[in-house]
Each structure stands twice: as structure tokens, then as C-alpha cells.
Amino acid sequence: MAPGRVLLCSLLLLSLQLGLGWGPGVRGAPVVEGELRGTQRPQLGGRPRRALASPCQLWSLSLPVAELGLGYASEETVTFRYCAGSCPRGARTQHGLTLAWLRGQGRALGGPCCRPTRYADVAFLDDRHRWQRLPQLSAAACSCG
């Protein structure tokens, strides 16, 4: 993936996690295990769930293609999935153990991050009636790392 695209995707995910998205309920809803279609839209006007207070999990938003911020013109709506939530500091991976040890010595900052471990392509029909396929746009699985 090109560095510019990685940066754009990272900024998009960060803005969604921090609640800097596109209006009420932008944080979306958690994806239920085994859910394939029919993502629920968050209630407008209601208080959005705090993705960062829950465990690391896959979240889902239904967005018009234009709101993806990638410059595509389409009236279609797509499902954008992303990872958000907290990660335990005592993650039992080699990386987690080393990071905890380095943090204890004051040599590293932060902790394990909730991030995608697999991605899914998203396809839609643009305004010129051409199929557009966006590889690895949406998260398909999440983990702390």
C-alpha cells in the first residue's frame, strides 16, 4: 500500500476513534460476531457509544461513498468497518511482554493498540455507472498489538 494511502487511512481511523467524524453517532455500532449484512445505524440525537471504553472490537458505519474522503462520486452507501477499543496492557504476546518491560524502564511510551489484523475490499457503482473496487478499505478482524 502506498505511504500516502496508509497515512490517509490512519488519519481516517484516528478521526473516527476520536469522534471527529461526520455528525451525530459517528462512532458507529459494534459488529456482532458472524454479522454479514444489515449493519444498524446509530440513533441520531442519542449519545454514541464510547468505542474506546469497550474492549478492542470491530465497529461498523454505513456511509455515503462521498463521505469516505477518497474523492469518489457516488450516491451509494457502503459499510465501513474499523477497529476501536481498549487493549489490556498485559497482552501475552512476545511484543506485548517486551513493550511492558520497556515501559517499566521508561524507554517506551504507550501500550498495545487495537488495530485491524485482516482487511476487506469494498466495491460500489460510481456516478458514471462503473464499478469501483477499493482494496483493503474496511477492517475484517481486530486484535491488540
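Residues numbered from 1 in each chain as written. Predicted model: local features only at pLDDT ≥ 70, side-chain atom pairs only at ≥ 80, totals over all residues. Heavy atoms only, no water.

- For the protein chain, the name recorded in an unreviewed UniProt entry is Persephin, with Canis lupus familiaris as its organism.
- Comment text from UniProt for the protein chain, heading Sequence similarities (unreviewed entry), reads "Belongs to the TGF-beta family. GDNF subfamily."
- Under the UniProt heading Subunit (unreviewed entry), the note attached to the protein chain is "Homodimer; disulfide-linked. Interacts with GFRA4 coreceptor and RET: forms a 2:2:2 ternary complex composed of PSPN ligand, GFRA4 and RET receptor." (UniProt positions renumbered as here; feature names shortened; annotations may be inferred.)

### Some words on the pairing of strand β4 (residues 114–125)
Point 1. Note: β4 against strand β5 (residues 131–144), ten bridges, orientation antiparallel. Each residue of the ladder has a partner; that of L125, found in β5, is W131.
Point 2. In sequence, β4 turns back onto β5 through a hairpin of five residues, with H129 there showing a positive phi of about 60°. (Pairing = 2+ DSSP bridges. Helix = DSSP H or I, 4+ residues; strand = E, 2+ residues; numbered from the N terminus.)

### Considerations on the nonpolar core
Point 1. In this structure, L68, V78, F80, Y82 and L137 are the most contacted members of the largest nonpolar core, which totals 13 residues.
Point 2. Per-element tally for this core: the top contributor is strand β3 (residues 77–84), with four residues.
Point 3. V31, L58, C83 and A139 belong to the second largest nonpolar core, which has six residues in total. (Core = buried A, V, L, I, M, F, W, Y, C linked by side-chain atoms within 4.5 Å. Buried < 20%, exposed > 50% of the residue type's maximum accessible area, 1.4 Å probe, protein only.)

### Comments concerning the state of the cysteines
Point 1. For the structure on display, the rule yields three disulfides.
Point 2. Each sulfur in the disulfide pair C83 and C142 lies 2.0 Å from the other. Measuring the twist about the S-S bond at about -90°, one finds the C83-C142 disulfide to be left-handed. Here C83, found in strand β3, pairs with C142, found in strand β5; they are 59 residues apart in sequence, far enough to count as distant.
Point 3. Exposure remark for C142: the relative accessible area of 21% places this residue in the partly exposed category.
Point 4. Between C87 and C144 runs a disulfide, and the two sulfur atoms are separated by 2.2 Å. The disulfide joining C87 to C144 has a torsion of about -90° about its S-S bond and is therefore left-handed. With C87 in the loop between β3 and α2 (94–104) and C144 in strand β5, this pair connects stretches of sequence that are 57 residues apart.
Point 5. Exposure remark for C87: the relative accessible area of 14% places this residue in the buried category.
Point 6. Cysteine pairing for the protein chain, with bonded cysteines counted in sequence order: 1-4, 2-5, 3-6.
Point 7. The structure places no disulfide on C113, whose sulfur is separated from the nearest cysteine sulfur, that of C87, by 6.9 Å. (Disulfide = S-S within 2.5 Å.)

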